[in-house]
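# Fold and contact review
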2 protein chains.
Amino acid sequence: MHEREGSAVNGKGSLHTEYMDRQGRLQEVMRTNGIDGFLVNHNVDLFYFNGSMQTGYLFVPAEGTSLFIVRRSITRAREESAAEVEELGSLRTLRDRLAQRYPGIFAPGQEALLATELDVLPVQQFQRLEAAFGGVKWKDGSLLVKELRMIKSPAEIDWIRKAAVVIDRTLEAAISGIREGMSELELMTIIERENRLQGHLGLMRMRAYNSELITGCVAAGASAAEPTYFDGPAGGRGLSSASPQSASTRVIGRNEPILIDIGCCIDGYVIDQTRIAVIGRLPGHLQRAYEVSERILQEAEAMLKPGTIAEHLYLQSLDTAAAEGLADHYMGFAGDQVKFLGHGIGLEIDEFPVLAKGFKYPLQPGMVIAIEPKFTFPGEGVVGIENTYVITETGFEKLTVSREGILAI
Amino acid sequence: MHEREGSAVNGKGSLHTEYMDRQGRLQEVMRTNGIDGFLVNHNVDLFYFNGSMQTGYLFVPAEGTSLFIVRRSITRAREESAAEVEELGSLRTLRDRLAQRYPGIFAPGQEALLATELDVLPVQQFQRLEAAFGGVKWKDGSLLVKELRMIKSPAEIDWIRKAAVVIDRTLEAAISGIREGMSELELMTIIERENRLQGHLGLMRMRAYNSELITGCVAAGASAAEPTYFDGPAGGRGLSSASPQSASTRVIGRNEPILIDIGCCIDGYVIDQTRIAVIGRLPGHLQRAYEVSERILQEAEAMLKPGTIAEHLYLQSLDTAAAEGLADHYMGFAGDQVKFLGHGIGLEIDEFPVLAKGFKYPLQPGMVIAIEPKFTFPGEGVVGIENTYVITETGFEKLTVSREGILAI
């Protein structure tokens, strides 16, 4: 659990300092971009910059100290917030109260440039903000936030390390629990229970609109290969068209790949990893495709160092899949393929950088990336592997601690 | 699980007819409001109107047949969708393709009025839509959708009935599993496992921005009484400030109220109910407050019939709480109180009508409402009860099937 303000975190200073550092980094990029104030509004961003997810607005000025204006719960916000806390009252009074505290930004006759996260903020709420704030100009600050959050601090990497240990224990419990005749859903309940008992918060956050993730994708054979709307290489039949992904009630068979693509959320930080289990042994062509996925991962590892351009990792993997005659099976089956090899991960599962065409970020120390080469065979299953890595000054550290290879039951 | 197009659902006709009916009702209110086309975009609304949650846009014209334009997965959308399915390709081509199919709406020199769900659509995505659609005017259609979804069909009520049976079995498993020395989290894992094995989809959807719900609130004694950002009467310490609600690792004590405010999601439909358990017996003042909550619920039941104004249920409950000297404890403790008695429920937990001041909807047959009078005692716990009801022609039917009263262990 997150310690209160001022207490030590892994000997790396206090959390208060950590949040102040983050706000300071935001202020730097605000000044570079001519932004006068940032009204942070998204629950995950509130937590990132200020340590509290209570409902409210964190106002960060380009210079000076920030203010957390809270609707609910004030009591809890005062416990958690790094910034000073004030009660919101009515949204209509927000501008005037900020003007009182930050007269330089809201000076009469001057149009302040304010930023907020327009990638997640619903139109209706934005319209309310626009109505409440006369005489200001709004700018989309979401890219700035994503770029800041892309580089993890040592404390953040430690939380992801903890999540990696939790998910490894959960994987081992799942492997021990797999029985012939068991359904995908039954296997999923083992995983979810183990996760929860170790402190998994019960959700894995995604930032993208309409995106939902329920523990991951646990599915076997033909069921795992069913395509879905989910923006990932594996789909899963799911329990219902009301949530068409991941585990179904289908019974796990012999000699088919059991896809265990799972994560957990420890103190807000998520991990993502994939392993393949099998009762018996895989058919030769699936075994071979699995080996290609391991090779793609090794090739990616060889490129994991500061300076490598994010998209090059994906492009290289396409070449290898094609050279092995597996292009049509790579990251989904023809027509339902996703176009990335991996993704940044932290407080949300879909962070920057994405390892996909068009993502030109050079890798930098502190980036945490899940890399997940997979192959889909309709009617037969999905094979592949996924590890999470942090980029270091000289290369990478593998955060995932689970054993690799096909896990035979 | 949802059956495929054309198959029978509880003998009440086919799901295809159900979705066509829903689209037809939307078209009626569109015509009343002068809306030429509705671009349904939110995953839950897509499912409601068309039976499929695949990523895409459902275009519903004011007259004629709708079209589901899908990004991913086409394969799965073709299985699930009531409307005809086309592949999206690029968003930039969407307007031209709709113009081809609906020339009356997109006629040159004419400004079509299109609606979409601005209560959930992020600003960035709306800006992309605006850029892709020249020469149209946009209107917020979210209230229309909420009002349509407020009245449930017989098939929808059946799904909620199924969820009510599931959560009752889960409650009984929880009651059987409660042991002295067990933590709130351990109790939660029993609940989540039972839910999942019975087909709970693993999530409970909320529509409100930044809102998250993880199975419900399972918390005992002082921990349950801790206020949170969550828009409900009970909070819970939670496992971390990264998800400050519901179960914590606190050990459940003797003679303190164990709040079991839980739900599940079966085929998309959610149920919500609250019961209080105790190891031993409650102190007199908590027992008395519990009895007042039962009385408030009975008074609400007496008003549950077509024509009662939604807010009157809440106002009446305030009177009773005040008359019993419990005003400061009602629906949270002073300063952290929520201002409602209940909420509509269906595909999402926070549907219309809300039983709160300002909600003037007269009750109508088909409304499904969770009513949850609760009292908070800081340092001691939360007591109360919650049932879900459907309004009928003559009154109500209680959908919740769990036994009432304090459940002594």
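Since this is a predicted model, take the numbers as computed values, not measurements. (Residues numbered from 1 in each chain as written. Chains lettered and ligands numbered in written order. Predicted model: local features only at pLDDT ≥ 70, side-chain atom pairs only at ≥ 80, totals over all residues. Heavy atoms only, no water.)

### A closer look at the UniProt feature "domain: Creatinase N-terminal" (unreviewed entry) in chain A
This chain's UniProt record puts "domain: Creatinase N-terminal" (unreviewed entry) on residues 22-151 of chain A. Taken end to end, residues 22-151 of chain A is 41% helix and 24% strand, and its first and last C-alpha atoms sit 11 Å apart. (UniProt positions renumbered as here; feature names shortened; annotations may be inferred. Helix = DSSP H or I, 4+ residues; strand = E, 2+ residues; numbered from the N terminus.)

### Re the environment of S317(A)
All names here are of chain A. Note on placement: S317 falls in helix α11 (residues 310-323). When the C-alpha positions of S317 and I296 are compared, they lie 5.9 Å apart, and in sequence the two are 21 residues distant. If we skip the residues at most four places from it in the chain, S317 touches I296, Y330 and L341. At 2.6 Å, the side chain of S317 and the backbone oxygen of Y314 are in polar contact. (Contact = heavy atoms within 4.5 Å. Polar contact = N/O pair within 3.5 Å; in protein donor to acceptor, adjacent residues only side chain to side chain.)

### As for the packing of helix α8 (residues 184-197) of chain A against helix α8 (residues 184-197) of chain B
For the pair α8(A) and α8(B), interaxial distance at closest approach is 10 Å and the crossing angle is 165°. Considering the angle they form, α8(A) stands roughly antiparallel to α8(B). Of the two elements, α8(A) crosses α8(B), and the hand of that crossing is right-handed. Contacts from L185(A), E186(A), M188(A), T189(A), E192(A), R193(A), R196(A) and L197(A) of α8(A) reach α8(B) at L185(B), E186(B), M188(B), T189(B), E192(B), R193(B), R196(B) and L197(B). (Axes fitted to C-alpha atoms, helices over the stretch in contact; angles between N-to-C directions. Parallel < 35°, antiparallel > 145°, perpendicular 65-115°, else oblique. Left-handed = near helix turned anticlockwise from the far one by under 90°.)

### Concerning the domain arrangement of chain A
Buried accessible area, meaning the area lost when the parts come together, often serves as the stated size of an interface. Residue and element names in this part refer to chain A. On domain assignment, one finds that chain A holds domain 1 (15-148) and domain 2 (151-408). Computed over C-alpha atoms, the centres of domain 1 and domain 2 are 35 Å apart. Between domain 1 and domain 2, the buried area comes to about 1200 Å², and carbon and sulfur atoms account for 56% of it. Here domain 1 is connected to domain 2 by 2 salt bridges. We note a salt bridge from D45 to R207, for which the minimum N-O separation is 2.9 Å. Secondary-structure elements contributing two or more residues to the side of domain 1 that touches domain 2 are α1 (15-32), α2 (43-50) and α6 (142-150). Looking at the side of domain 1 that touches domain 2, the element that brings in the most residues is α2, giving 5 residues. Broken down by class, the residue content of the side of domain 1 that touches domain 2 amounts to 8 nonpolar, 2 polar and 8 charged. (Domains from an automatic or database assignment. Buried area = accessible area lost by both parts, 1.4 Å probe. Salt bridge = Lys/Arg side-chain N within 4 Å of Asp/Glu carboxyl O. Nonpolar A, V, L, I, M, F, W, Y, C, P; charged D, E, K, R; others polar.)

### Some thoughts on the sheet that holds strand β17 (residues 407-408) of chain A
Residues and elements named next belong to chain A. The strand order across the open sheet formed by 4 strands is β7-β8-β9-β17, and the pairing between neighbours is mixed. Pairing within the sheet leaves two strands with one partner each, and these edge strands are β7 (216-220) and β17. For strand β9 (residues 269-278) and β17, the ladder comprises 2 bridges, and the chain directions are parallel. Each residue of the ladder has a partner; that of A277, found in β17, is L407. (Pairing = 2+ DSSP bridges.)

### Digging into the interface of chain A and chain B
Taken together, the contact pairs 70 residues of chain A with 70 residues of chain B. A buried area of about 6000 Å², summed over both sides, lies between chain A and chain B, and 50% of it is on carbon and sulfur atoms. At the surface where chain A touches chain B, the tally comes to 6 salt bridges. Across the pair R237(B) and E79(A) runs a salt bridge, and its minimum N-O distance is 2.8 Å. On the surface where chain A and chain B come into contact, there are 46 residue pairs in polar contact (both at pLDDT 80 or more). Of all elements in the fold, only α2, α3 (74-80), α5 (123-132) and α8 of chain A reach the threshold of two or more residues within the side of chain A that touches chain B. Broken down by element, the residue count for the side of chain A that touches chain B peaks at 8 residues, all from α8(A). Considering only residue class, the side of chain A that touches chain B consists of 24 nonpolar, 28 polar and 18 charged.

### Notes on unusual backbone geometry
All names here are of chain A. Of the consecutive residues R72 and S73, the connecting peptide bond is found in the cis state with omega at -5°. Within the secondary structure layout, S73 lies in the loop between β3 (67-72) and α3. The step from F352 to P353 runs through a cis peptide bond, and the omega angle for that step is -5°. Located in the positive-phi region is S246, a residue other than glycine, with phi close to 65°. Its location among the elements puts S246 in the loop between α9 (221-224) and β8 (258-266). When its relative accessible area of 4% is taken as the criterion, S246 is described as buried. (Buried < 20%, exposed > 50% of the residue type's maximum accessible area, 1.4 Å probe, protein only.)

### Re the side chain of E351(A)
Within the secondary structure, E351(A) sits in strand β11 (residues 351-355). Residue contacts for E351(A): discarding those within four places in its chain leaves R149(A), K152(A), H343(A), G344(A), I345(A) and G346(A).

### Quick look at the packing of aromatic side chains
Residues and elements named next belong to chain A. Tallying each qualifying case throughout the model produces 22 aromatic pairs over all chains. Ring centres of F59 and Y102 lie 5.0 Å apart, and the angle between their planes is 45°; this geometry places the pair in the tilted category. Of this pair, F59 sits in strand β2 (residues 55-61) while Y102 sits in the loop between α4 (94-101) and β5 (112-116), placing them 43 residues apart in sequence. Of the residues examined, F59 reaches a relative accessible area of 0% and is grouped as buried. Residue classification places Y102 among the buried residues on the basis of a relative accessible area of 8%. (Phe/Tyr/Trp six-rings, centres within 6.5 Å; stacked < 30°, edge-to-face > 60°.)

### Digging into the relation of the copies chain A and chain B
Superposing chain A onto chain B takes a rotation of 180° plus a shift of 0.0 Å along the axis, which leaves an RMSD of 0.0 Å. Taken together, these values place the two copies in the relation of a two-fold axis. Closest to the rotation axis within chain A is the C-alpha of P122(A), separated from it by 2.0 Å. When the interface residues of chain A are mapped onto chain B, 100% of them again fall at the interface, so both copies present the same face. (Least-squares fit on C-alpha atoms with pLDDT ≥ 70 in both.)

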